[in-house]
Amino acid sequence: MSSTELPGARALSAAAAPEVATVRVAEGEELRSVALPGLTLTVRSRPPARTGLPPALYVHGLGGSSQNWSALMARLEGVVDGEALDLPGFGDSPPPDDGNYSVTGHARAVIRLLDAGGRGPAHLLGNSLGGAVCTRVAAVRPDLVRTLTLVSPALPELRVQRAAVPTALLALPGVAGLFARMTKDWTSEQRTRGVVALCYGDPSRVTDEALRHAVEEMERRMRLPYFWDATARSARGIVDAYTLSGQQGLWRQAERVLAPTLLVYGRKDQLVSYRMARKAAVAFRGSRLLTLPDAGHVAMMEYPEAVAQAVRELLDDCGRS
């Protein structure tokens, strides 16, 4: 992906940033900042239930953050020493120094974090964009990945879901700025409810408390001067990754993954078609597939216990082998 900035992005980022609220930290969680060459990452973790548990790293999707994994992390704290990162430009992580929001750029961030902490091989879990990122990491650095869990991974589709078209359009120059101007009068609650309707199979599963927290996070993100830039350029990174062929193609890299893999798909996913589950099951050799009839795009948030049980079974089988 080209690292060319959106018009005015550098000037906007250089301007004095408005006061931004602190990121929410759920009970039992901790946040820390990790300085790495060319980037700084915020990492969310839960102290493991006991010492000696294998490391795990959770990678969120486009527009998400480490908070997307809180429910699953809590259910797996007895089996892994889990950490969830905010990808560069998302959550509480600032933009990368080189402005690279490509899938490869995000994969480098994951690799640098694992290398710096000496936490490989780790159980790697990714959702959507994070699933594409984790696929690339597992293909190019198999030494860092013990198992791979992909929840609705963003892998190339010939027929893109209709609901995913607006996200793809954000990749076009000027569209993000246009959309920002068109929606400037939208409230944070309107934006949040729109995201929930798009990502959840059944939006009514979101509790009033969870919705309130999501609205607060939306308000915080909208005050970040680089919000639209990070979102648009990461969307462009996904589109660019979809066009790659040969050894850099995501499906070709999926075939190279050696780690035991769990695939999780929701039948009501509006962004990643359930039709891709069968292709993914073939591409990732020896993989196992969990399908959730009522889940949408973020099954680990909608049905965390079902996903956690499947992950525990994967880890148990991996440990026995």
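So, here is what we can say about the structure in this document. (Residues numbered from 1 in each chain as written. Predicted model: local features only at pLDDT ≥ 70, side-chain atom pairs only at ≥ 80, totals over all residues. Heavy atoms only, no water.)

Okay, the side chain of Ser66 next. In this structure, Ser66 sits in the loop between strand S3 (55-59) and helix H2 (70-76). Here the side chain of Ser66 touches Arg44 through a polar contact of 2.8 Å, side chain to side chain. In this structure Ser66 touches Arg44, His60, Ala84, Leu85 and Asp86, once residues within four positions along its chain are discounted. (Helix = DSSP H or I, 4+ residues; strand = E, 2+ residues; numbered from the N terminus. Polar contact = N/O pair within 3.5 Å; in protein donor to acceptor, adjacent residues only side chain to side chain. Contact = heavy atoms within 4.5 Å.)

Further remarks concern the pattern of salt bridges. If you walk through the whole model with that rule in mind, you get 16 salt bridges. Taking the shortest distance from any N to any O, the salt bridge between Glu83 and Arg119 comes out at 3.4 Å. With Glu83 in strand S4 (residues 81-85) and Arg119 in the loop between helix H3 (103-117) and strand S5 (122-127), the pair connects residues that are 36 residues apart, well separated along the chain. Each member of the pair, Glu83 together with Arg119, is buried. The partner of Arg220 in a salt bridge is Glu217, and the shortest N-O contact between them spans 2.9 Å. Taken as a pair, Arg220 and Glu217 lie in helix H8 (residues 208-222) at a separation of three residues, close to a single helical turn. Residues Arg220 and Glu217 agree in their burial class; the two are buried. The structure contains a network of salt bridges with shared partners spanning Arg32, Asp81, Glu83 and Arg119. (Salt bridge = Lys/Arg side-chain N within 4 Å of Asp/Glu carboxyl O. Buried < 20%, exposed > 50% of the residue type's maximum accessible area, 1.4 Å probe, protein only.)

Okay, the packing of helix H7 (residues 188-199) against H8 next. Two numbers describe a pair of packed helices, the interaxial angle and the distance between the axes. Packing of H7 against H8 leaves a shortest axis separation of 9 Å and a crossing angle of 115°. One way to sum up the angle between H7 and H8 is to call them roughly perpendicular. As H7 runs across H8, the sense of the crossing is right-handed. Residues Ser188, Glu189, Arg191, Thr192, Arg193 and Val195 of H7 form the contact with H8, whose own contacting residues are Leu211, Ala214, Val215, Met218, Glu219 and Met222. Tallied by class, the residues present in the contact of H7 with H8 amount to six nonpolar, two polar and four charged. (Axes fitted to C-alpha atoms, helices over the stretch in contact; angles between N-to-C directions. Parallel < 35°, antiparallel > 145°, perpendicular 65-115°, else oblique. Left-handed = near helix turned anticlockwise from the far one by under 90°. Nonpolar A, V, L, I, M, F, W, Y, C, P; charged D, E, K, R; others polar.)

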